Amino acid sequence: MTTREMQDEILRLKQEKSVCVLVHAYQDEDIWEIADYVGDSFGLSQQAAAAKEDTVLMCGVRFMAETVKILAPQKRVFLSHPQAGCPMADAVDEDILAQVKADTPDVPVAAYVNTTAAVKALCDVCVTSSSAVKILRAYPADRFIFLPDPNLGAYIQSQLPEKSFELLPGGCPTHLRLTERDIAAAREAHPDALILMHPECHPRVAKKADYLGSTTQILSYAEKSDKKEFVIATENSIVEHLKFRCPDKKFYPLSRDCVCHNMRLTTLPDVYRFLATGEGEEILLAPDLIEKARRPIDAMLRYGG
Ligand code: 13P
Ligand code: SF4
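Residues numbered from 1 in each chain as written. Chains lettered and ligands numbered in written order. Predicted model: local features only at pLDDT ≥ 70, side-chain atom pairs only at ≥ 80, totals over all residues. Heavy atoms only, no water.

Q: An account of the overall build of the chain is requested, with residue identities and associated values reported.
A: Looking only at helices and strands, the chain has 15 helices and 13 strands in total. Taken over C-alpha atoms, the radius of gyration comes to 19 Å for the chain, in line with the 19 Å a tight globule of 305 residues would show. Oriented by its inertia axes, the alpha-carbon framework of the chain measures out at about 55 × 55 × 30 Å. When the 305 residues of the chain are sorted by exposure, 55% land in the buried category. Sequence separation of 24 or more characterises 61% of the internal contacts of the chain that already satisfy a separation of 6 or more. A total of about 13,400 Å² of accessible surface is found on the chain, and carbon and sulfur atoms cover 50% of it. Averaging the locations of the 35 positively and 44 negatively charged side chains of the chain gives two centres separated by 3 Å. (Helix = DSSP H or I, 4+ residues; strand = E, 2+ residues; numbered from the N terminus. Rg over C-alpha atoms; globule rule 2.2 N^0.38 Å. Buried < 20%, exposed > 50% of the residue type's maximum accessible area, 1.4 Å probe, protein only. Contact = heavy atoms within 4.5 Å. Areas by Shrake-Rupley, 256 points an atom, 1.4 Å probe, with all protein chains shown as cover. Lys, Arg positive; Asp, Glu negative; His and termini not counted. Charge placed at Lys NZ, Arg CZ, Asp CG, Glu CD.)

Q: Provide a residue-level description of the site of ligand 1, including the pertinent values.
A: In the vicinity of ligand 1, 14 residues are found, and the nearest of them are His-24, Ser-41, Ser-129, His-198 and Thr-215. Between ligand 1 and His-24 there is a distance of 2.7 Å, counted from an oxygen atom to a side-chain nitrogen or oxygen. A distance of 2.9 Å separates an oxygen atom of ligand 1 from a polar backbone atom of Ser-41. Summarising the interface, the protein chains cover 96% of the accessible area of ligand 1, which totals 300 Å² for the free molecule. Because more than half of its atoms lie within 2 Å of the grid, ligand 1 is assigned to the largest cavity. Among the residues making up the shell around ligand 1, the classes are represented as 5 nonpolar, 7 polar and 2 charged. (Near = heavy atom within 4 Å. Polar contact = N/O pair within 3.5 Å; in protein donor to acceptor, adjacent residues only side chain to side chain. 1 Å grid on protein atoms, 1.4 Å probe; cavity = no way out; pocket = protein on both sides within 12 Å on 5 of 7 lines; lining within 4 Å. Sits in = over half its atoms within 2 Å of the grid points. Nonpolar A, V, L, I, M, F, W, Y, C, P; charged D, E, K, R; others polar.)

Q: I'd like to hear about the site of ligand 2, residue by residue, with values.
A: Around ligand 2 sit Tyr-26, Val-61, Cys-86, Pro-87, Met-88, Asn-114, Cys-172, Thr-174, Glu-200 and Cys-260, and that is every residue in its neighbourhood. When grouped by side-chain class, the residues that make up the shell around ligand 2 number 7 nonpolar, 2 polar and 1 charged.

Q: Break down the side chain of Asp-182 for me, citing the residues and quoting the values.
A: Considering the arrangement of structural elements, one finds Asp-182 in helix α10 (residues 180–189). Here Asp-182 sits buried without a salt bridge, and the closest side chain of opposite charge, Arg-181, lies 6.0 Å off (N-O distance). (Salt bridge = Lys/Arg side-chain N within 4 Å of Asp/Glu carboxyl O.)

Q: Summarise the environment of Val-259; cite the residues concerned and give the values.
A: Inspection of the secondary structure puts Val-259 in the loop between β12 (250–253) and α14 (268–277). Val-259 gets classed as buried once you look at its relative accessible area, which sits at 17%. Residue contacts for Val-259: discarding those within four places in its chain leaves Thr-174, Arg-177, Glu-235, Asn-236 and Arg-264.

Below you can see the structure in the form of structure tokens.
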């Protein structure tokens with residue numbers, strides 16, 4: 001079967017079986033093309049709440065599928081690849097978080113949506129990279145505990161100097177691969193290019209970028225800009241999508257190492273197999289966990305929508 005034939009079959013099966021396919025922007029182009037919706041973490045959460053189909057396939061990583069299940073517990077939710085996790089989300093120690101909360105019971109805990117359902121259940125409000133500043137500016141508190149990405153936390157702190165954030169350790173191993181050395185090399189190799197970067201990068205690197213934004217904010221900035229050359233400092237799939245979308249512009253990765261192997265696990269045949277056979281990992285969460293984890297996600301959608 002060719003890629004085109006497989007995509008046609010996926011589109012037919014999706015319709016026949018009434019399955020909504022949600023796709024994070026870090027997936028490959030052949031998966032974008034069969035999606036009902038492609039976007040960043042915030043957009044995916046909004047779509048999860050709105051999808052009319054009874055079954056959702058999330059092509060992304062586990063915390064994204066869990067978020068769909070939390071927002072739409074009546075739906076059957078499947079993850080595109082059972083091993084697609086997020087090392088940053090999985091690294092949070094719930095016991096340490098519970099201890100921090102016990103030490104500072106009056107300080108709300110703000111969590112990047114890149115967290116497990118069990119961690120969300122301990123938090124007050126979730127944020128995503130595109131919505132964090134808006135949400136935490138509006139949230140009625142001056143102090144926060146923030147996890148699990150101190151880099152995004154430092155970016156939020158720089159935008160909201162009137163509030164204070166205690167940043168718990170953690171971070172995205174993919175974006176942490178980008179260094180100040182990479183920036184110096186890119187400036188020399190592409191002096192006319194703008195450097196567009198994700199705020200999951202280290203603050204020392206981030207302060208040397210020309211623009212900071214979430215995955216879809218970077219895509220839209222490059223598409224709308226009058227500039228012709230860009231260095232992309234986020235997962236390298238975004239470089240390929242931009243080359244495809246803006247053939248008259250030039251895009252270079254800041255580093256060839258900025259690849260999230262978890263996001264890249266899902267393939268088009270995985271999507272096809274799920275739709276053809278129904279085999280796949282269903283996300284199952286206990287009702288009381290759903291209820292507790294939903295509060296911070298509802299707060300995120302309320303303050304960020
Ligand atoms: P956004 O989708 O919010 O840009 O986050 C990027 C990411 O690392 C997702 O895992
Ligand atoms: Fe997790 Fe980083 Fe991969 Fe996103 S890019 S899934 S934050 S490891």
